[in-house]
Amino acid sequence: MGNNQPSLEAHISGQANKPFSKPAHALTFKQVIEETKCDSEDGLTTSEAQTRLQEYGNNELGDEGGVQPGKILLRQVANAMTLVLILAMGVSFGIAAWIEGGVVAAIIILNITVGFWQEFNAEKTMDSLRSLSSPTARAVRDGQVVTVATAEIVPGDMVEMTTGDTIPADVRLIEAVNFETDEALLTGESLPVNKDAEAVFDADTGPGDRLNVAFSSSTVTKGRARGVVFSTGMYTEIGSIAASLRQKGSRRRPVKRREDGKAGPHRYAQAWGLTATDAVGHFLGVNIGTPLQKKLARLALLLLGVAVVCAIIVLAANRFVSDQEVIIYAVATGLSMIPASLIVVLTITMAAGTKRMVERHVIVRNLKSLEALGGVTDICSDKTGTLTQGKMVAKKAWIPAKGTYSVGNTNEPHNPTIGDLSFTAKPPAQIDFDLEQKTSTQEDLLESNEHLLDYLKVASLANLAHVHRSDDGNWKARGDPTEIAIQVFASRFQWNRLQHTGGDNPAWKQIAEFPFDSDVKKMSVIFEEAETSQKYVFTKGAVERIIYSCTTVFNGESDAPAEMTDEFREHILHNMESLAALGLRVLALASRTWEGTVTKGQDIDRKEIEEGLTFRGLVGLYDPPRPETAGAVRQCQRAGIQVHMLTGDHPGTARAIAADVGILPSNMATIAKNVTDAMVMTATQFDKLSEDEIDQLPLLPLVIARCAPNTKVRMIDALHRRKAFAAMTGDGVNDSPSLKRSDVGIGMGTGSDVAKDASDIVLTDDNFASILNAIEEGRRMFDNIQKFILHLLAQNIAQACILLIGLVFKDFTRLSVFPLSPVEVMWIIMVTSSVPDMGLGFEVAAPDVMKRPPQNLKRGVFTLEVLCDITVYGLWIAALCLASFTLVLNGWGSGNLGHNCNDSYSDSCDTVFRARATCFACLTWFSLFLAWQMVDMRRSFFMMQPNSNKYFTQWFHDVWRNQFLFWSIVVGFITIFPVIYIPGLNTVVFKHKSITWEWGIVIIATVLFFIGVEAWKWGKRIFFRRRDTKAGVRRGSVDVEQRVFERYLSTAVSTDDEAKWERQVKKSEAGVQV
């Protein structure tokens, strides 16, 4: 916080961070604007906002939370895996095995240090991401509406609020239209509070009665408003009760009581038992975290049980003698089965994945979605701003009594002075738009043109967008892209809303507003003209809805309005379809006079207002597809993901854009009508179907136009009944149910806070291509988790087999002579597991990650392929290591197992110590090289890039790319030499001896290791290729469009002509010249 602020003890309720002359609610909004030094139109400049942020501090309720090193360290020590290691250390020291105990202590310290450092960095990453996913606000800065993190809102910021938003700070309202907020958190008032920006109250008015203030953390339940922030952080009203908001929920299970409030002793025992069970589960990690984290925690517990069994087998094989070395060996065998680094590597991998997603414009709000993204089979996307650029331009306007107005090309969509105007005295259906049209000036077009004037009144006034020219001469706009485009069109004819409604004596005064509703698909306002005191209703909305609210129309045949007939409605719809076929979004405009009165506090019947209208015309808006959308849709289709467009637009517009971006086939005009009807439906058609009728459809529609919120929910449910795994995009309050119902809810960065709260991930750029990025990252993470689990568990199986099968080597005392000493086992665990596994977690995506079907999330990471790989690699490593031990011992050695070779070196143990060193070198190298082999689970290590022409050097480029993994393997590879050759360290600590000619066996075994792994991968490639062939799966150069849409087509012709798709894409990208 800044130094100039008063202490919280001196802060007065309703005052600003720096006190005003009076509390904000006791001042007019103009006075508040003056005292905050804020520009009511352009807001603060970016530099001024930064200066105020430094002065006032972040808009936060204290510094609670964040990264807590103490808790991270405690988690590293107080967990099941570390406690097992501590127990092993205690056993070692208890039987005076000082060296082994010291090694275990070193492993514990190393694990805790590495785990703490990595998790600390991961927590810092996650903490920064949590701040990114925190609520946002729309502030006016430099004349533009920008989305700002709530924490960066400062006093003097001009903010805009609409239904579903969370109020970012205490705001003195400047403009409020049907604006209501839920203040239950602050005042306990259960009903929404209607706000009044014009009101001024006494200084001692309580918070609940300050109707000109919107309070921080309350939510907007209705309407819209604009206001200036006067207090932030702990100086807000909610800041005064922040302590109560920070109370932690108890982890104790409640006692179940009877209706009279009493409970029997067994209920207390039940609650205590469940609480204890929860605590143990929390400690073991089986009931916290994501589903995959819980599953791996349970796997670790299972392996802990297997480790105990292995230790018992070692003791039983040696008749449960109380020999120190046997006990230590049993402990080491048990430790070899425990994946001590499993959970921490998973946490680090997920944290790294979320950080990469931020770089690709995706914020993860729910870690569960990281696991779910790889399994997405269907994406249901909105059109405007997601598939398209969201930069609309009004290109066509049709007024029945006059004709069609057109706007030429412009590279400044907010500038009404750029773009030629032209007029054709025909309806759109009769115009050839490819022909060049004669340009006109706005003065010529307005001259004696009452019909255009009436049209412009609706376009300008039934509109909430602000378009104005700033002091630097640039045109700036804020508001909904659709309304901005219409407002810019009206401004071309000098009918800018601000010109007619601003100032001290405005020509038009707004007295009521009915915001756009996704059910009625209309937006209306009531204005009073100051000069005549006549009130008017201005309405715009979906053409199909507006024309049935109209009873008259000026058709050009006479000066008087004609009756709106069904025949003329068909005429309007025909012209609308002509505009929609150009890829334009089409809206209708209407108006009428109104003789009623508006009484404050009383609701007006909207249905009554929006009937008896006079039809004024159509406006066609062009929103071009994003350049990257067509490619992203195609990649989704390659990846086995079906893309559906669910939009509120007209079917013609939706169909044109969907064909442009590849959601629909490019040859729609040549496809039978019954097939196109299956591909494109309206919400009315879809909602009329029962669930059984929807389930009987051969395939679900690819495009649903005029989509309502409930339609989205029904679509998700229909996909779920077909066992699909669906992602859904949404930005409005009404989208929350479908976002919650979907498997992965995708919110928009510019959407409402309610929608973002219901989402699993949020797109910061509202771009469909970012959804593809998220899915690619989800698949990459899923692959990498599989890789390090496979590497870790294959090592565990190899070590367990070597240690248990090695029990058959017995000396003359009938005690086992171990092929690996306990310290060697612990060293291998320390060097070859955690750090290389972290490296595998950082691997880049495989070349084919987006060319294969979605993962089966029910099966999870433990697929049949992974289980087979674990077994085969583990047994192959164990076989080679035991063979190397046996060859040194019996092949070229005497086979003498010596005396007491588990404890100390003697001449009789020379062969055993050399064989042990050979086995140790083999297992260390194999475990390290297996990590490189796991970079791709199917492709050859020597050719992981399918299209590379670097036949002999590609493998080096692949291993060098991931330098974390590279150096972890190289360091492990090199450290084996000092361990084997340093005198004393080798014979006393590691219980092995320097080797010479035995390196030949190690090298040959290493070559055999690579040959075995490569042969297994080659066999897998053949198996999966044949399986795909039998299943009819076509890969490679198969025409993607044909493969995706053949299910919808009555006849499907297989083709391998990839160029055909390229021609079709280029053709669709050329689009319609408008």
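Here the structure is a predicted model, which is why all the values come from computation and not from measurement.

Trainee: Explanation requested: the sheet that holds strand β28 (residues 761-763) in the structure shown.
Mentor: Think of a sheet as strands paired side by side through backbone hydrogen bonds, with each pair either parallel or antiparallel. With respect to topology, 8 strands assemble into an open sheet ordered β8-β28-β27-β26-β9-β23-β25-β24, the strand pairing being mixed. Both outer strands of the open sheet, β8 (362-364) and β24 (680-682), are each paired with one neighbouring strand and no more. Neighbour to neighbour, the strand axes of the sheet diverge by 20° on average, direction disregarded. Strand direction decides the pairing type here: strand β23 (residues 642-646) and strand β25 (residues 703-705), joined by 2 bridges, are parallel. Bridge pairing in β25 places Leu-646 opposite Ile-704. Running at roughly 155° to strand β9 (residues 378-381), helix α28 (residues 768-805) makes contact with β8, β9, β23, β26 (726-730), β27 (744-748) and β28 of the sheet.

Trainee: Even after reading the chapter, I still don't get the state of the cysteines, so can you show me in this structure?
Mentor: Joining two cysteines, a disulfide is a covalent bond between their sulfur atoms. Enumeration over the complete set of coordinates arrives at 1 disulfide. Among the cysteines around Cys-922, which has no disulfide bond, Cys-881 carries the closest sulfur, lying 5.4 Å off. Residue Cys-922 is classed as buried on the basis of its relative accessible area of 0%.

Trainee: When you look at the packing of helix α32 (residues 910-933) against helix α34 (residues 963-981) in this model, what are you seeing that I'm missing?
Mentor: For any two helices packed against each other, one specifies the crossing angle of their axes together with the interaxial distance. The N-to-C vectors of α32 and α34 enclose an angle of 175°; their axes lie 9 Å apart at closest approach. Compared by their axis directions, α32 and α34 come out roughly antiparallel. Contacts from Ala-917, Phe-920, Ala-921, Thr-924, Trp-925, Leu-928, Phe-929, Ala-931 and Trp-932 in α32 reach Leu-965, Phe-966, Ser-968, Ile-969, Gly-972, Phe-973, Ile-976, Phe-977, Val-979 and Ile-980 in α34.

Trainee: Please explain the pairing of strand β19 (residues 550-553) as it appears in this structure.
Mentor: With 3 bridges connecting them, β19 and strand β22 (residues 613-622) associate as parallel partners. Paired with Val-553 across the two strands is Phe-615, which belongs to β22. The pairing of β19 with strand β20 (residues 562-563) spans 2 bridges and is antiparallel. Bridge assignment links Val-553 to a residue of β20, and that residue is Ala-562.

Trainee: Teacher, can you tell me more about the environment of Ile-108 here?
Mentor: Mapped onto the elements of the fold, Ile-108 is located in helix α5 (residues 98-132). Along the backbone, Ile-108 and Met-830 are 722 residues apart, and their C-alpha atoms lie at a distance of 9.5 Å.

Trainee: When you look at the environment of Asn-856 in this model, what are you seeing that I'm missing?
Mentor: Summarising the element assignment, Asn-856 is placed in the loop between α30 (834-841) and α31 (864-891). When the C-alpha positions of Asn-856 and Gly-374 are compared, they lie 8.6 Å apart, and in sequence the two are 482 residues distant.

Trainee: Is there a simple way to explain the side chain of Asn-415 in this structure?
Mentor: Tracing the backbone shows Asn-415 in the loop between β11 (403-407) and β12 (421-424). Taking the relative accessible area as the measure of exposure, Asn-415 reaches 8% and is therefore buried. Polar contacts involving the side chain of Asn-415 include one to the side chain of Trp-475, which spans 3.3 Å. Setting aside residues no more than four positions away along its own chain, Asn-415 makes contact with Trp-475, Val-488 and Arg-492.

Trainee: Please explain the packing of α28 against helix α29 (residues 822-832) as it appears in this structure.
Mentor: Two numbers describe how α28 lies on α29: the axes approach to 12 Å, and their chain directions differ by 170°. The angle between α28 and α29 places the two elements in the roughly antiparallel class. Residue-level contacts link His-791, Gln-795, Gln-799 and Leu-803 of α28 to Val-825, Ile-828, Ile-829 and Thr-832 of α29. Of the residues contributing to the contact of α28 with α29, the split by class is 4 nonpolar, 4 polar and no charged.

Trainee: Would you explain the nonpolar core in this entry?
Mentor: Nonpolar side chains tend to gather and get buried jointly when the protein is soluble and globular. Membership of the largest hydrophobic core comes to 162 residues, with the highest contact counts inside it found for Ile-663, Leu-664, Phe-768, Ile-789, Phe-926 and Phe-1009. When residues of this core are assigned to their parent elements, the largest contribution, 20 residues, is made by α28. Excluding residues that lie within four positions of it along the chain, Phe-768 makes contacts with Ile-379, Ser-381, Thr-386, Leu-387, Ala-632, Val-633, Cys-636 and Val-643. In terms of nonpolar packing, the next biggest core, distinct from the first, is built from 31 residues, Tyr-405, Leu-452, Leu-456 and Ile-486 among them.

Trainee: Whenever I open this one, the packing of aromatic side chains confuses me. Can you help?
Mentor: Here a ring pair, both rings aromatic, is described through the centre-centre distance and the interplanar angle of the planes. Per the counting criterion, the structure on display carries 36 aromatic pairs. Between Phe-929 and Trp-932, the aromatic rings sit 6.2 Å apart at their centres with planes inclined by 10°, giving stacked as the arrangement. With Phe-929 and Trp-932 both in helix α32 and 3 residues apart, the pair spans about one turn of that helix. Trp-932 gets classed as buried once you look at its relative accessible area, which sits at 11%. Relative to Phe-1024, the ring of Phe-1023 lies with its centre 5.2 Å away and its plane at 75°, an arrangement referred to as edge-to-face. For the cation-ring pair, Lys-457 lies above Tyr-536, with the distance from its terminal atom to the ring centre recorded as 5.9 Å. Seen from the ring of Phe-1024, Arg-938 lies directly overhead, with NZ or CZ sitting 3.6 Å from the centre.

Trainee: Explain the pattern of salt bridges to me, please; I cannot follow it from the model alone.
Mentor: For side chains of opposite charge, pairing can occur when their charged atoms come near one another. Scanning the entire structure with this criterion turns up 40 salt bridges. Linking Asp-695 and Arg-721 is a salt bridge whose minimum nitrogen-to-oxygen distance equals 2.8 Å. Of this pair, Asp-695 sits in helix α24 (residues 691-696) while Arg-721 sits in helix α25 (residues 709-721); the two residues are 26 residues apart in sequence, bridging distant segments of the chain. Asp-695 gets classed as partly exposed once you look at its relative accessible area, which sits at 34%. The shortest N-O distance in the salt bridge between Arg-961 and Glu-843 comes to 3.4 Å. Pair noted here: Arg-961 is in helix α33 (residues 954-961) and Glu-843 is in the loop between α30 and α31, with a separation of 118 residues, a long-range link. Several salt bridges converge on common partners, so that one network encompasses Arg-356, Arg-360, Glu-776, Glu-777 and Arg-780.

Conventions and cut-offs
- Residues numbered from 1 in each chain as written.
- Predicted model: local features only at pLDDT ≥ 70, side-chain atom pairs only at ≥ 80, totals over all residues.
- Heavy atoms only, no water.
- Pairing = 2+ DSSP bridges.
- Helix = DSSP H or I, 4+ residues; strand = E, 2+ residues; numbered from the N terminus.
- Axes fitted to C-alpha atoms, helices over the stretch in contact; angles between N-to-C directions.
- Contact = heavy atoms within 4.5 Å.
- Disulfide = S-S within 2.5 Å.
- Buried < 20%, exposed > 50% of the residue type's maximum accessible area, 1.4 Å probe, protein only.
- Parallel < 35°, antiparallel > 145°, perpendicular 65-115°, else oblique.
- Polar contact = N/O pair within 3.5 Å; in protein donor to acceptor, adjacent residues only side chain to side chain.
- Nonpolar A, V, L, I, M, F, W, Y, C, P; charged D, E, K, R; others polar.
- Core = buried A, V, L, I, M, F, W, Y, C linked by side-chain atoms within 4.5 Å.
- Phe/Tyr/Trp six-rings, centres within 6.5 Å; stacked < 30°, edge-to-face > 60°.
- Lys NZ or Arg CZ within 6 Å of the ring centre and 35° of its normal.
- Salt bridge = Lys/Arg side-chain N within 4 Å of Asp/Glu carboxyl O.

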